[in-house]
Amino acid sequence: MFYDFLESGFGMFLEEYRSLWLHSGQRLQLEEEGGSEVTVVDLAPDTGFLLARQDTGEKHELQPDGRSLDLFQGLVKVK
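Being a predicted model, the structure only gives us computed values, none of them experimental. (Residues numbered from 1 in each chain as written. Predicted model: local features only at pLDDT ≥ 70, side-chain atom pairs only at ≥ 80, totals over all residues. Heavy atoms only, no water.)

Student: What is the right way to look at a nonpolar patch on the surface in this model?
Tutor: Nonpolar side chains collect at one region of the surface, where Phe2, Tyr3, Phe5, Leu6, Phe10 and Tyr17 lie side by side and expose about 680 Å² of accessible area between them. If one sorts the elements of the nonpolar patch by residue count, helix H1 (residues 2-8) sits on top with 4 residues. Assignment of secondary structure puts Phe5 in helix H1. (Patch = residues over 30% accessible without salt bridge, like charges linked within 9 Å, V, L, I, M, F, W, Y side chains within 5 Å. Areas by Shrake-Rupley, 256 points an atom, 1.4 Å probe, with all protein chains shown as cover. Salt bridge = Lys/Arg side-chain N within 4 Å of Asp/Glu carboxyl O. Helix = DSSP H or I, 4+ residues; strand = E, 2+ residues; numbered from the N terminus.)

Here's what the structure looks like:
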């Protein structure tokens with residue numbers, strides 16, 4: 001598996017990773033956006049960060065730059 005990864009990259013594992021992923025469909029509040037609610041929908045293909053969408057359709061890439069994810073409160077907040 002290690003050598004497959006070295007040769008082909010993470011792409012060959014992506015579908016299995018998504019099927020086992022904990023965050024799919026999780027509803028979160030974005031503290032920085034005034035408490036806007038989003039749903040985690042996928043991983044951003046170019047960065048691997050969480051990709052979330054508001055009910056309006058607006059997408060947010062949740063980057064770990066000074067934020068923390070509180071799964072118990074469903075909140076993305078500034079550290």
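Student: Explain the packing of aromatic side chains to me, please; I cannot follow it from the model alone.
Tutor: Think of a pair of aromatic rings as described by two things: how far the centres are apart, and how the planes are tilted against each other in angle. Under the criterion given, the structure shown has 1 aromatic pair. Between the aromatic rings of Phe2 and Tyr3, the centroid separation amounts to 5.5 Å while the plane-to-plane angle is 70°, which identifies the pairing as edge-to-face. Among the residues examined, Tyr3 registers a relative accessible area of 62% and is labelled exposed. (Phe/Tyr/Trp six-rings, centres within 6.5 Å; stacked < 30°, edge-to-face > 60°. Buried < 20%, exposed > 50% of the residue type's maximum accessible area, 1.4 Å probe, protein only.)

Student: Sorry, what's going on with the confidence of the model for the protein here?
Tutor: Do not read the predicted coordinates in detail wherever pLDDT is low. With 80% of its residues at a pLDDT of at least 70, the protein reaches an overall mean of 78. Per-element confidence in the protein is highest for strand S3 (residues 50-54), whose mean pLDDT is 89, and lowest for strand S6 (residues 75-78), whose mean pLDDT is 58. (pLDDT = per-residue confidence, 0-100.)

Student: Explanation requested: the nonpolar core in the structure shown.
Tutor: Inside soluble globular proteins, nonpolar side chains tend to come together where they are buried. Of all hydrophobic cores here, the largest spans 9 residues; its members are Trp21, Leu28, Leu30, Val38, Val40, Leu43, Leu50, Ala52 and Leu62. Residue assignment for this core shows that the elements contributing at least two residues are strand S1 (27-30), strand S2 (36-43) and S3. Considering each element in turn, this core owes the most residues, 3 residues, to S2. (Core = buried A, V, L, I, M, F, W, Y, C linked by side-chain atoms within 4.5 Å.)

Student: Is there a simple way to think about the side chain of Gln54 in this case?
Tutor: By secondary structure assignment, the location of Gln54 is in strand S3. If we ignore the near neighbours within four places in the chain, the residues touching Gln54 are Ser36, Glu37, Val38 and His60. (Contact = heavy atoms within 4.5 Å.)

Student: I'm lost on the pattern of salt bridges in this one. Help?
Tutor: Enumeration over the complete set of coordinates arrives at 2 salt bridges. Taking the shortest distance from any N to any O, the salt bridge between Glu37 and Arg27 comes out at 2.8 Å. With Glu37 in strand S2 and Arg27 in strand S1, the pair connects residues that are 10 residues apart, well separated along the chain. When its relative accessible area of 36% is taken as the criterion, Arg27 is described as partly exposed. Taken together, the salt bridges that share partners define one network made up of Arg27, Glu37 and Asp55.

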